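# Remarks on the overall topology
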Amino acid sequence: MAIQFNHTIVLSRDREKSAHFLAEILGLSVSPPFGPFLPVATANGVTLDFLTVDIDIAIQHYAFLVSEEEFDQILARLVQRQIPIWADPHGREPGRINRNDGGRGVYFFDPSGHGMEAFTRPYGSDPSSKLNGVTEGVPGAAVSSTFPR
């Protein structure tokens, strides 16, 4: 059998809040609890197993490769819920998306402060794209000058 990534544990302040937030934004489902974990499964079978903890949480980054149609839906949900977005992982481009590699990408944060990313083209897949480094404003997007890192 080829080695496959199966699951990861996502530490959170409130597993219910964090799991349901991510599932709603990405258009996924929350699975029934498995012991102390609340799983959210992706299309390729990888699960993010949310666990409530009462300790300082090191912020992690989770990136999701999505289709153009899924990106439209994700972005619409972020705008509708007024969740601040950025075009970059450093918080320099609030209220915008990136167009790297000819695709689209957006960064946002979950309730526990983890950095989430949805993008339509793997980074580095088109290094000659004229859209690399280009960002676009998103009408109605929530803009925050505070980057939660």
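Going by the structure above, here's the rest.
About the thresholds
- Residues numbered from 1 in each chain as written.
- Predicted model: local features only at pLDDT ≥ 70, side-chain atom pairs only at ≥ 80, totals over all residues.
- Heavy atoms only, no water.
- Buried < 20%, exposed > 50% of the residue type's maximum accessible area, 1.4 Å probe, protein only.
- Helix = DSSP H or I, 4+ residues; strand = E, 2+ residues; numbered from the N terminus.
- Pairing = 2+ DSSP bridges.
- 1 Å grid on protein atoms, 1.4 Å probe; cavity = no way out; pocket = protein on both sides within 12 Å on 5 of 7 lines; lining within 4 Å.
- Points joined across faces, edges and corners; volume = space filled by probe spheres on them.
- Nonpolar A, V, L, I, M, F, W, Y, C, P; charged D, E, K, R; others polar.

The next thing to look at is the pairing of strand 7 (residues 115-119). The buried count for strand 7 comes to 5 of 5 residues, which makes it a mostly enclosed element. Residue alternation in strand 7 divides its side chains into two sets, Gly115, Glu117 and Phe119 and Met116 and Ala118, and both sets are buried. By the bridge criterion, 5 bridges tie strand 4 (residues 61-65) to strand 7 in an arrangement that is parallel. By the bridge assignment, Leu65 is partnered in strand 7 with Phe119. Pairing between strand 6 (residues 105-109) and strand 7: 5 bridges, direction antiparallel. Pairing of Val106 across the sheet is with Ala118, part of strand 7. In textbook terms, the turn of a hairpin is the stretch between consecutive antiparallel strands, and for strand 6 and strand 7 this stretch comprises 5 residues, one of which, Gly113, has a positive phi near 95°.

A separate point is the layout of surface pockets. Any space left empty among the atoms is revealed by the rolling of a water-sized probe across them. For the largest pocket, the calculated volume is near 410 Å³. Contributing to the lining of the largest pocket are 16 residues, with Thr42, Asn44, Ala63, Phe64 and Leu65 lying nearest its centre. Those elements giving two or more residues to the lining of the largest pocket turn out to be strand 4 and helix 2 (68-80). Ranked by residues supplied to the lining of the largest pocket, first place goes to strand 4 with 4 residues. Looking at the lining of the largest pocket, its residues break down into 12 nonpolar, 3 polar and 1 charged.

Purely spatial values, then, with no claim about function.
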